[in-house]
Amino acid sequence: AQSVTQPDIHITVSEGASLELRCNYSYGATPYLFWYVQSPGQGLQLLLKYFSGDTLVQGIKGFEAEFKRSQSSFNLRKPSVHWSDAAEYFCAVGARDGVGASKLTFGTGTRLQVTL
Amino acid sequence: DAGVTQSPTHLIKTRGQQVTLRCSPKSGHDTVSWYQQALGQGPQFIFQYYEEEERQRGNFPDRFSGHQFPNYSSELNVNALLLGDSALYLCASSFRHLSNYGYTFGSGTRLTVV
């Protein structure tokens, strides 16, 4: 069964500082990998996804993530954080089962606080 | 172009009662998935509906059931509510034949069981 670990429950960074959110996954092969963001009381917005190819993927809002197969990791990064980035961030994994749009397994999330 | 619409946005129920949550998928989408997000947790997959049938199911008891209608909208029903069923219930729609996890999530229904 697939699983996702987000080791950091809560991270605080200063506005303008760089950010890295950690994500480790467990899966028998190379999965589909995703990062979502959730603002308070809201649904989930997709930031970026990795399916294959270039292991450095670019997303919306200036975010990027790097897939490292050897470390089973898919860490999210941003070079300069803005106050509006404060939210909950979820890493998720999807199975490559050949069926379209299958289930996602999410981590427990990392809450990002941005100080001014 | 409307996204995923969920109703109601909030509701409060008493233990032992039954509840029905509703979801209208994004235009062009034919598959609906339901997720439960407890406070401080990540979403957990409940089940997925396509062609009016349950196609996949997560680790949830039979108290959780669903339905998909010919217009692709869906309902999530929970019977014999427990305090632990209090959560944000998220609906996500997608197009079945695109194997790219093209989910669009709704804003959710916040269920409180007292």
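Refer to the structure printed above.
First, a word on scope: everything that follows refers to the structure included in this document. (Residues numbered from 1 in each chain as written. Chains lettered and ligands numbered in written order. Predicted model: local features only at pLDDT ≥ 70, side-chain atom pairs only at ≥ 80, totals over all residues. Heavy atoms only, no water.)

Okay, the overall build of chain A next. From N to C terminus, chain A includes zero helices and 12 strands. Here chain A has a C-alpha radius of gyration of 14 Å; the compact-globule value for 116 residues is 13 Å, and the two agree. Principal-axis analysis of the C-alpha atoms gives chain A an extent of 45 × 30 × 25 Å. Out of the 116 residues belonging to chain A, those deemed buried represent 47%. Relative to all contacts within chain A whose residues are 6 or more apart in sequence, the contacts with residues 24 or more apart total 55%. Working note: accessible area of chain A is about 5,400 Å², and carbon and sulfur atoms make up 49% of it. (Helix = DSSP H or I, 4+ residues; strand = E, 2+ residues; numbered from the N terminus. Rg over C-alpha atoms; globule rule 2.2 N^0.38 Å. Buried < 20%, exposed > 50% of the residue type's maximum accessible area, 1.4 Å probe, protein only. Contact = heavy atoms within 4.5 Å. Areas by Shrake-Rupley, 256 points an atom, 1.4 Å probe, with all protein chains shown as cover.)

Counting its regular elements, chain B contains zero helices and 11 strands. Moving toward the C terminus, one meets the helices and strands of chain B in the order β-β-β-β-β-β-β-β-β-β-β. Relative to the globule expectation of 13 Å for 114 residues, the C-alpha radius of gyration of chain B, 13 Å, shows essentially globular dimensions. Residue pairs at least 24 apart in sequence account for 54% of intrachain contacts in chain B once pairs closer than 6 positions are excluded. Each charge sign in chain B was given a centre, from 9 positive and 9 negative side chains, and these centres are 9 Å apart. (Lys, Arg positive; Asp, Glu negative; His and termini not counted. Charge placed at Lys NZ, Arg CZ, Asp CG, Glu CD.)

Going from Ser7 of chain B to Pro8 of chain B, the amide bond is cis rather than trans, its omega being -10 degrees. Note on placement: Pro8 of chain B falls in the loop between strand S1 (5-7) and strand S2 (10-13). We note that Ser72 of chain A has phi near 50 degrees; this positive angle belongs to a residue other than glycine. Its location among the elements puts Ser72 of chain A in the loop between strand S8 (64-68) and strand S9 (73-78). Of note, the phi angle at Tyr72 of chain B is positive, near 80 degrees, even though the residue is not glycine.

With that out of the way, let us pick up the sheet that holds S1 of chain B. All names here are of chain B. Ordered by their spatial adjacency, four strands build an open sheet running S1-S3-S8-S7, and the pairing between neighbours is antiparallel. Both outer strands of the open sheet, S1 and strand S7 (64-68), are each paired with one neighbouring strand and no more. Between one strand axis and the next, the sheet turns through 20 degrees on average, direction left out of account. Bridging between S1 and strand S3 (residues 19-24) involves three bridges; their strand directions are antiparallel. Note on S3: the bridge partner recorded for Gln6 is Cys23. (Pairing = 2+ DSSP bridges. Axes fitted to C-alpha atoms, helices over the stretch in contact; angles between N-to-C directions.)

We now examine the interface of chain B and chain A. Listed as interface residues are 22 residues of chain B and, on the opposing side, 22 residues of chain A. Where chain B abuts chain A, roughly 1,800 Å² becomes buried across the two surfaces, and 55% of that area is made up of carbon and sulfur atoms. Considering only the surface of chain B that becomes buried against chain A, Pro43, Tyr101 and Phe105 of chain B emerge as the three largest contributors, covering 35% of it. Linking chain B with chain A are zero salt bridges. In this structure, the connection of chain B to chain A is made through two residue pairs in polar contact (both at pLDDT 80 or more). At three residues, strand S9 (residues 87-94) of chain B tops the list of elements feeding residues into the side of chain B that touches chain A. A per-class count over the side of chain B that touches chain A returns 10 nonpolar, 11 polar and one charged. (Buried area = accessible area lost by both parts, 1.4 Å probe. Salt bridge = Lys/Arg side-chain N within 4 Å of Asp/Glu carboxyl O. Polar contact = N/O pair within 3.5 Å; in protein donor to acceptor, adjacent residues only side chain to side chain. Nonpolar A, V, L, I, M, F, W, Y, C, P; charged D, E, K, R; others polar.)

Its location among the elements puts Pro43 of chain B in the loop between strand S4 (31-37) and strand S5 (44-50). Sequence separation of Pro43 of chain B and Tyr89 of chain B is 46 residues, and the distance between their C-alpha atoms is 8.4 Å. In this structure Pro43 of chain B touches Leu44, Phe90 and Phe106 of chain A together with Tyr35, Gln36, Gln37 and Leu90 of chain B, once residues within four positions along its chain are discounted.

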